Amino acid sequence: MAELIKRAAELLVQSRHAIALTGAGISTESGIRDFRGPDGIWTKNPEAERKAYQSYARFLANPKEYWIERLTGPSLLGDIHRAEPNPGHRALAELEHLGLLKCVITQNIDNLHQKAGSKRVLDYHGNIARLRCASCDTRYDPSEFDLEKMLAEDRLPPICRACNGVIKSDVVHFHEAIPSDVARESQEEAERCDLMLVCGTSAVVYPFAYLPRMARHGGFGRKTTVIEVNAEPTPLTEEGISDFLIQGKTGVILPRLVDEVKKIKSR
Ligand code: NAD
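Every residue gets a number counted from 1 within its own chain, in the order that chain's sequence is written. Two thresholds apply to this predicted model, a pLDDT of at least 70 for residue-level local features and 80 or more for giving and counting side-chain atom pairs, whereas whole-chain, interface and lining totals are computed over all residues. The basis for every side-chain value is the complete set of non-hydrogen atoms in the structure, without hydrogens or water.

A. Local environment of the overall build of the protein chain. When helices and strands are counted, the protein chain shows 12 helices and nine strands. Our radius of gyration is a C-alpha quantity, and the globule rule it is checked against amounts to 2.2 Å times the number of residues to the power 0.38. The C-alpha radius of gyration computed for the protein chain amounts to 19 Å, which stays within 12% of the reference 18 Å derived for 267 residues, consistent with globular compactness. If you line up the protein chain on its principal axes, its C-alpha atoms span 65 × 35 × 35 Å. Burial analysis of the protein chain (267 residues in total) assigns 50% to the buried set. Put simply, DSSP marks the helices as runs of H or I at least four residues long and the strands as runs of E at least two long, and each gets a number from the N terminus on. Working definition: with a 1.4 Å probe on protein chains only, accessible area under 20% of the residue-type maximum means buried, over 50% means exposed, and in between means partly exposed.

See the structure below:
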């Protein structure tokens, strides 16, 4: 593993436009369970997966009921608002600070990259710390609405001030389109990068999983290096989309990668 980390550090230092892609695996060390790992929420409770697939249809059919359920029911991911970033999140923030990482595109909704200090984060599946109008995509800070009071006064759902559309969580549900601004910027980054660090994702959720494939194949003769950091091999490993896999925990490997990068830069 040490040799692979050194190799990744060399490639990172030589890169012109490196970006990171992250998934639920990078946040398991912050106490948020993933979906498909050995202890994943779907792995242990297939019924929860079936229900999650219906969330968006429930919102469209009855936004008021959707909001009542959100405000009164249990959260699938536990007390996610209290979670803190771990050394993996902090390492990616440090790589950005060192000028080596241009952005993080994350499937996670937990806001932990921002809490760790990453500046340019594209929340591909939205962010739990925001609300979004389902019609015009205007984002809101939840504190702009007194949701508990609205629940008590039977005034749900919240309504968009820009277009009078219905507001939902910013989190992208299954069967819901990726907000167009984030989808466009993520595609541009995937086409532009010459190195992609793919961390803690099973790479089976689409369209996110197209991004490494786009980086690998989309570059008009340009060679993009794709490096995975994951607890187990993924379809990217098996299909040869990634150049190599550094197998293990992101909270261990990414800080070691930062150490190696610093050693190279200080030579
Ligand atoms: P996934 O659950 O499908 O896969 C996670 C992968 O990370 C697995 O391959 C697992 O073996 C690996 N992993 C687990 N812990 C790891 C660690 N410490 N270090 C390295 N690898 C580790 O996750 P996904 O690919 O991100 O897809 C799940 C979907 O669910 C995403 O769309 C995401 O939006 C959502 N989700 C988000 C959160 C979150 O915000 N933290 C949590 C669960 C699910």
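Right, picking up where we left off after that structure.
B. Spatial organisation of the sheet that holds strand β1 (residues 18-22). Across the sheet, six strands lie side by side as β3-β2-β1-β7-β8-β9; this open sheet has parallel pairing. A strand with exactly one partner marks an edge of an open sheet, and here the two such strands are β3 (121-123) and β9 (244-247). Within the sheet, the average angular offset between the axes of one strand and its neighbour, ignoring direction, is 20°. Sheet topology places β1 next to strand β7 (residues 195-199); five bridges connect them, and they run parallel. Looking across to β7, one finds that L21 is bridged to V198. For this analysis, residues touch if any pair of their heavy atoms sits within 4.5 Å. Fitting a line to C-alpha atoms yields each axis, with helices limited to the stretch in contact; the angle taken between N-to-C directions then spans 0 to 180 degrees. The sheet contacts of helix α1 (residues 2-14) involve β1, β7, β8 (225-230) and β9, and relative to β9 the element is tilted by about 125°. Relative to the sheet, helix α12 (residues 250-265) contacts β7, β8 and β9, its axis offset from that of β7 by approximately 150°. For two strands to be treated as a pair, DSSP must find no fewer than two bridges joining them.

C. Broad picture of the state of the cysteines. Disulfides are defined in this document as cysteine sulfur pairs within 2.5 Å. Tallied over the entire structure, the rule returns zero disulfides. Cysteine C103 shares no disulfide, and the gap to the nearest cysteine sulfur, in C193, comes to 8.5 Å. Here C103 falls in the buried class, since its relative accessible area comes to 2%. Free cysteine: C160, not disulfide-bonded; nearest cysteine sulfur from C133 at 3.8 Å. Classification of C160 as buried rests on a relative accessible area of 1%.

D. Fine view of the pairing of β1. Most of β1 sits out of view: five of its five residues are buried. The side-chain alternation of β1 yields two buried faces, one formed by A18, A20 and T22 and the other by I19 and L21. Two elements, β1 and strand β2 (residues 101-106), share five bridges in a ladder whose sense is parallel. Paired with T22 across the two strands is T106, which belongs to β2.

E. Expanded view of the site of the ligand. We call a residue near a molecule or strand when any one of its heavy atoms sits within 4 Å of it. Not every one of the 28 residues close to the ligand is listed here, only the nearest: A24, Q107, H125, T201 and S202. Here a polar contact is recorded for every N or O atom pair within 3.5 Å, except that within protein the pair must consist of a potential hydrogen donor and a potential acceptor, and residues adjacent in sequence are included only if both atoms are side-chain atoms. With respect to the ligand, the backbone of G25 contributes an N or O atom lying 3.4 Å from a nitrogen atom. F35 places a polar main-chain atom, nitrogen or oxygen, 2.8 Å from an oxygen atom of the ligand. Using the Shrake-Rupley algorithm and a 1.4 Å probe, accessible areas are obtained, with residue cover drawn only from the displayed protein chains. Isolated, the ligand exposes 860 Å² of accessible area, and the fraction of that covered by the protein chains is 95%. Three residue categories are used. Nonpolar comprises Ala, Val, Leu, Ile, Met, Phe, Trp, Tyr, Cys and Pro, charged comprises Asp, Glu, Lys and Arg, and polar comprises the others, including Gly. Looking at the shell around the ligand residue by residue, the classes come out as eight nonpolar, 13 polar and seven charged.

F. Quick look at the sheet that holds strand β6 (residues 167-169). Taken in spatial order, the three strands make up an open sheet running β5-β4-β6, and their pairing is antiparallel. At either margin of the open sheet sits one strand with a lone partner, and together these are β5 (139-140) and β6. Here helix α5 (residues 63-72) sits on the sheet in contact with β4 (131-133) and β6, set at roughly 35° to β6.

G. Fine view of the environment of K262. Note on placement: K262 falls in helix α12. Not counting residues up to four positions away in its chain, the partners in contact with K262 are E94 and L98.

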